[in-house]
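Examining the three-dimensional arrangement
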Amino acid sequence: MSRGADALTFSEATSAEAFAERFSAQNDPSARLISAVVCHLHDLIKEFRPTQDQWRKVIDFLTEVGHAADERRQEWVLLSDLTGASALVEDINSRRPAGATPNTIRGPFFRADAPERQSGSTISLDGLGEPLIVEGRVVDLDGEPVPGAEVITWQANAQGFYENQQPDLQPEFNLRGLFRTDAGGRFDYRSVRPAGYSVPQDGPVGRLLADAGYPLHRPAHLHFLIRAPGFETITTHIYDAGDPRLAEDALFGVRPELVHSFEQTVLDGEPASRVSVSFVMVRARPGRGK
Ligand SMILES: [Fe+2]
């Protein structure tokens, strides 16, 4: 008997099975994920029972998301980030032993080509904002220093904008840098205190969520990517404990151990802030992602 004659008749009761039956020969993990997504989609449609017009609006929204995505702007990533999907995937894949620095999402403003800078130098190329001194240490789970680790940092300026959002206003690579830890696992640099910011609301994802009253704010933070041979790469944030909107991070990145006090100090006779951070790396484990 042919496969066609065997196939389930499509109906509301059998729709997901009818799809899964056609997909069952696929053992590729991506295909299995697609199959699961489609089965959940069928369940969702049965639960909400949209009209054809309502369903067309969903398709129109997704079409807009696709049109808003290009090389400079990734609207799909924004959709994934703002729905908590990115944070969940990160959490599932980077569970670490107690005491290790947790991963958080990388976010859309990372650049892989940040220039290496001398220890103690500033990453603020325009000098605008309250000076910030960042002192850090990279250690392993036993507290032993990790020398030669690459510490890549990037952050928003005092108005809450990244250099690649304002190519006409900020110098290239402003507030970005790569530092290398010394024999004691230490690094330090100067910067300016960042402001919190809103995620972009000029695209379909931001508009949809803003119209629904969804919080689109990100509390003030510094981004870090830390890598060293033999260790899992850390991608994480340091949050300013003084930001009153810590609890409403639109990207679900705040973890208690990543919240640090930015202490008031004086630098060259001017008010400044200082923050001390420690990053605890885990030795690379077989079968784990970087
Ligand atoms: Fe950020």
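All values reported here derive from a predicted model rather than from experimental measurement. (Residues numbered from 1 in each chain as written. Predicted model: local features only at pLDDT ≥ 70, side-chain atom pairs only at ≥ 80, totals over all residues.)

1. Details of the overall build of the protein
Test applied: Per the convention used, a helix needs a DSSP run of H or I reaching at least four residues, while a strand needs a run of E reaching at least two, with both numbered from the N terminus. We call a residue exposed when 12 or fewer other C-beta atoms sit within 10 Å of its C-beta, buried when the count reaches 20 or more, and partly exposed for counts in between; the C-beta positions come from the backbone.
Counting secondary structure elements, the protein contains 7 helices and 11 strands. For the C-alpha atoms alone, the extent of the protein along its principal axes is close to 85 × 45 × 30 Å. Within the span of the protein, comprising 290 residues, buried residues form 27% of the whole.

2. A few points about the pairing of strand β11 (residues 270-281)
Cut-off, in case you're wondering: Only strands that DSSP links by at least two bridges are regarded as paired with each other.
One ladder, built from 9 bridges, connects strand β1 (residues 131-140) with β11; its direction is parallel. Looking at the pairing, Val-134 lines up with Val-275 of β11. In terms of strand pairing, strand β10 (residues 263-267) meets β11 through 5 bridges, oriented antiparallel. From the neighbouring strand, Thr-265 faces β11, where its bridge partner is Ala-272.

3. A word on the nonpolar core
Across soluble globular proteins, nonpolar side chains show a tendency to be buried alongside one another. As a reminder of what qualifies: Here, a nonpolar core denotes buried Ala, Val, Leu, Ile, Met, Phe, Trp, Tyr and Cys residues that are linked to one another through C-beta atoms within 7 Å. By definition, residue pairs are in contact when their C-beta atoms, positioned from the backbone, come within 7 Å.
Core analysis: the biggest nonpolar cluster contains 26 residues, and Val-138, Val-151, Phe-224, Ile-226, Phe-279 and Met-281 have the highest contact counts within it. The contacts of Val-138, once residues within four sequence positions are left out, are Val-146, Ala-149, Val-151, Thr-181, Gly-185, Ile-226, Phe-279 and Met-281. Core analysis: the next-biggest nonpolar cluster, separate from the first, contains 8 residues, Leu-78, Leu-79, Leu-82 and Leu-251 among them.

4. What about the packing of helix α5 (residues 75-82) against helix α7 (residues 204-211)?
For any two helices packed against each other, one specifies the inter-axial angle together with the distance between the axes. So the rule is basically this: Interaxial angles span 0 to 180 degrees and are taken between N-to-C directions of axes, which are lines fitted to C-alpha atoms, for helices over the stretch in contact. Three residue categories are used. Nonpolar comprises Ala, Val, Leu, Ile, Met, Phe, Trp, Tyr, Cys and Pro, charged comprises Asp, Glu, Lys and Arg, and polar comprises the others, including Gly.
The contact between α5 and α7 brings their axes to 9 Å, and the two run at 30°. In this structure, α5 uses Glu-75, Leu-78, Leu-79 and Leu-82 to contact α7, whose residues at the interface are Pro-204, Val-205 and Leu-209. Grouping the constituent residues of the contact of α5 with α7 by class yields 6 nonpolar, no polar and 1 charged.

5. Concerning the domain arrangement of the protein
Applicable threshold: Domain segmentation is taken from an automatic or database assignment of domains.
For the protein, the assigned domains are domain 1 (3-49) and domain 2 (76-281). For domain 1 and domain 2, the distance between their C-alpha centroids amounts to 42 Å.

6. A word on the sheet that holds strand β7 (residues 221-227)
Strand order across the open sheet formed by 5 strands is β3-β2-β7-β8-β9, with mixed pairing between neighbours. Every interior strand has two partners, whereas the edge strands, β3 (176-180) and β9 (259-260), have only one. Bridge count between β7 and strand β8 (residues 234-240): 6 bridges; the pairing is antiparallel. If you follow Ile-226 over to β8, its bridge partner there is Ile-234.

7. Some details on the environment of Pro-108
Inspection of the secondary structure puts Pro-108 in the loop between α6 (85-93) and β1. When the 18 C-beta atoms within 10 Å are taken as the criterion, Pro-108 is described as partly exposed. Excluding residues that lie within four positions of it along the chain, Pro-108 makes contacts with Gln-74, Val-77 and Leu-78.

8. Re the pairing of β10
When you tally the buried positions in β10, you get 0 out of 5 residues, a small fraction of the element. Linking two consecutive strands that pair antiparallel, namely β10 and β11, is a turn of 2 residues; a positive phi of about 50° is found at Asp-268 within it.

9. Overview of α5
Filter applied, for reference: As used here, the arc belongs to the directions running from the helix axis to the C-beta atoms.
Along α5, the residues that are buried comprise Glu-75, Leu-78, Leu-79, Asp-81 and Leu-82. For α5, the angular spread of the buried residues around the axis is 165°, confining them to a single face. At its buried positions, α5 is contacted by α4 (52-68), α6 and α7. Trailing α5 by a residue or two, Gly-84 shows a phi angle of about 85°, which is positive.

10. A short note on the sheet that holds β10
Ordered in space as β4-β1-β11-β10, the 4 strands form an open sheet in which the pairing is mixed. Strands with a single pairing partner mark the edges of an open sheet, and in this sheet they are β4 (186-192) and β10. Sheet twist, expressed as the average angle between the axes of neighbouring strands with direction ignored, equals 30°.

11. Details of unusual backbone geometry
Positive phi outside glycine occurs at Arg-49, with the angle close to 50°. The topology assignment puts Arg-49 in the loop between α3 (29-48) and α4. Backbone geometry places Asp-268, a non-glycine residue, at a positive phi of 50°. Tracing the backbone through its elements, the reader meets Asp-268 in the loop between β10 and β11. Asp-268 gets classed as exposed once you count the C-beta atoms within 10 Å, which come to 6.

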